[in-house]
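Remarks on the overall topology
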Amino acid sequence: MKIALIGASGFVGTAILNEAVSRGYHVTAIVRDVSKVAAHPQVTAVAVDAQNPQALAEVLKGNDRVISAYNPGWSAPDIYDQYLKGAKAIVAAAVIARSWLLVVGGAGSLEIAPGVQLVDTPDFPAEWKQGALAARDGLTALRHETTLDWRFVSPPVFLEPGDKRGGYHLGGDQVLFSGDKPAGISVGDLADGVLNEVEKAAHLRQRFTLGY
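Residues numbered from 1 in each chain as written. Predicted model: local features only at pLDDT ≥ 70, side-chain atom pairs only at ≥ 80, totals over all residues. Heavy atoms only, no water.

Here we look at the nonpolar core
Judged by nonpolar contacts, the single largest core of 32 residues is most densely connected at Ile16, Ile67, Val104, Val153, Val194 and Leu195. Counting residues per element, the ones that place at least two in this core are β1 (2-6), α1 (11-22), β2 (26-31), β5 (100-104), α5 (187-199) and β14 (207-211). Those residues within four positions of Ile16 in sequence are excluded, and the remaining contacts are Leu5, Ile67, Ala69, Val104, Ala191, Val194 and Leu195. Core analysis: the second largest hydrophobic core is formed by 27 residues, Ala50, Val59, Val66 and Ile90 among them. (Core = buried A, V, L, I, M, F, W, Y, C linked by side-chain atoms within 4.5 Å. Buried < 20%, exposed > 50% of the residue type's maximum accessible area, 1.4 Å probe, protein only. Helix = DSSP H or I, 4+ residues; strand = E, 2+ residues; numbered from the N terminus. Contact = heavy atoms within 4.5 Å.)

Observations concerning the environment of Val12
Locating Val12 in the fold gives a position in helix α1. A residue is classified by how much of its surface remains accessible, and Val12, at 16% relative accessible area, is buried. Along the backbone, Val12 and Asn71 are 59 residues apart, and their C-alpha atoms lie at a distance of 9.6 Å. Those residues in contact with Val12 that sit more than four places away from it in its chain are Ala69, Val104, Leu159, Val187 and Leu190.

Let's talk about a nonpolar patch on the surface
A contiguous nonpolar patch, built from Ile112, Val116 and Phe177 and spanning about 210 Å² of accessible area, is present on the exposed surface. Counting through the fold element by element, Val116 comes out in strand β7 (residues 116-117). A relative accessible area of 34% means that Val116 is categorised as partly exposed. (Patch = residues over 30% accessible without salt bridge, like charges linked within 9 Å, V, L, I, M, F, W, Y side chains within 5 Å. Areas by Shrake-Rupley, 256 points an atom, 1.4 Å probe, with all protein chains shown as cover. Salt bridge = Lys/Arg side-chain N within 4 Å of Asp/Glu carboxyl O.)

Quick notes on unusual backbone geometry
With a phi close to 55°, Arg98 is a non-glycine residue in the positive phi region. Assignment of secondary structure puts Arg98 in the loop between α3 (79-96) and β5. Notably, Arg205 is not glycine yet its phi reads approximately 50°, a positive angle. With respect to the helices, strands and loops of the structure, Arg205 is situated in the loop between α5 and β14.

Regarding the side chain of Ser154
Among the structural elements, Ser154 can be located in strand β8 (residues 149-154). What makes Ser154 buried here is its relative accessible area of 0%. In terms of polar contacts, Ser154 uses its side chain to reach the side chain of Arg207, at 2.8 Å. For Ser154, the contacting residues outside a window of four places in its chain are Gly106, Ala107, Ser109, Leu110, Arg207, Phe208, Thr209 and Leu210. (Polar contact = N/O pair within 3.5 Å; in protein donor to acceptor, adjacent residues only side chain to side chain.)

Details of the pairing of β1
The element β1 is extensively covered by neighbouring structure, given that four of its five residues are classed as buried. Alignment of β1 against β2, held across five bridges, turns out to be parallel. Paired with Leu5 across the two strands is Ala29, which belongs to β2. Regarding the hand of the β-α-β motif, the stretch spanning β1, α1 and β2 is right-handed. Bridge count between β1 and strand β4 (residues 65-68): four bridges; the pairing is parallel. Bridged to Ile6 within β4 is Ser68. (Pairing = 2+ DSSP bridges. Right-handed = clockwise from strand over helix to strand, strands pointing away.)

As for the UniProt feature "domain: NAD(P)-binding" (unreviewed entry) in the chain
Look at the UniProt record and you will see "domain: NAD(P)-binding" (unreviewed entry) annotated at residues 7-197. Along residues 7-197 one finds 35% helix and 23% strand; the C-alpha atoms at either end are 18 Å apart. (UniProt positions renumbered as here; feature names shortened; annotations may be inferred.)

Right, dumping it as structure tokens:
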């Protein structure tokens with residue numbers, strides 16, 4: 001299987017890249033700066049602007065799976081606009097290339113109570129809010145895409161560095177809890193869940209989440 005990974009040098013993207021390589025797949029690592037991708041015989045690093053759908057589509061063609069871990073950077077002052085511009089271009093490119101697409105989004109659009117999304121709660125951190133709103137709007141737009149074979153994964157409330165340890169479970173549109181606290185997961189296990197979906201797709205045109 002050949003996998004195209006958008007945002008392969010980021011926090012989540014690097015973990016997904018490592019997991020894909022460990023499972024024996026060849027990965028086209030789509031990044032802004034190819035020097036940030038370690039050389040590996042199963043990895044081809046390509047510098048492509050993720051906001052350019054035509055250029056991106058050319059790179060996606062020929063891959064069996066496309067994973068987007070796109071993030072313009074949490075420190076970007078216009079992260080809302082930049083994220084949505086990239087999200088729109090990635091979906092357009094996937095449609096052109098007739099790709100299978102998995103988008104890694106955020107936890108902000110998960111429901112903490114019936115009809116109440118996490119990003120809309122008073123205590124949601126201000127520094128993450130614009131990015132979370134953008135990811136939510138990206139998911140809303142994706143849900144109107146009826147021709148593309150897509151799925152969207154939201155990490156749980158707490159996403160931490162760390163390797164795989166297993167023992168996580170899957171959910172849908174609601175915040176997962178561990179006891180009376182919101183669940184967490186290591187980035188290694190998030191990557192494991194992403195590659196499991198790649199291998200045995202179970203969430204066609206759905207959002208899912210995962211956590212301990």
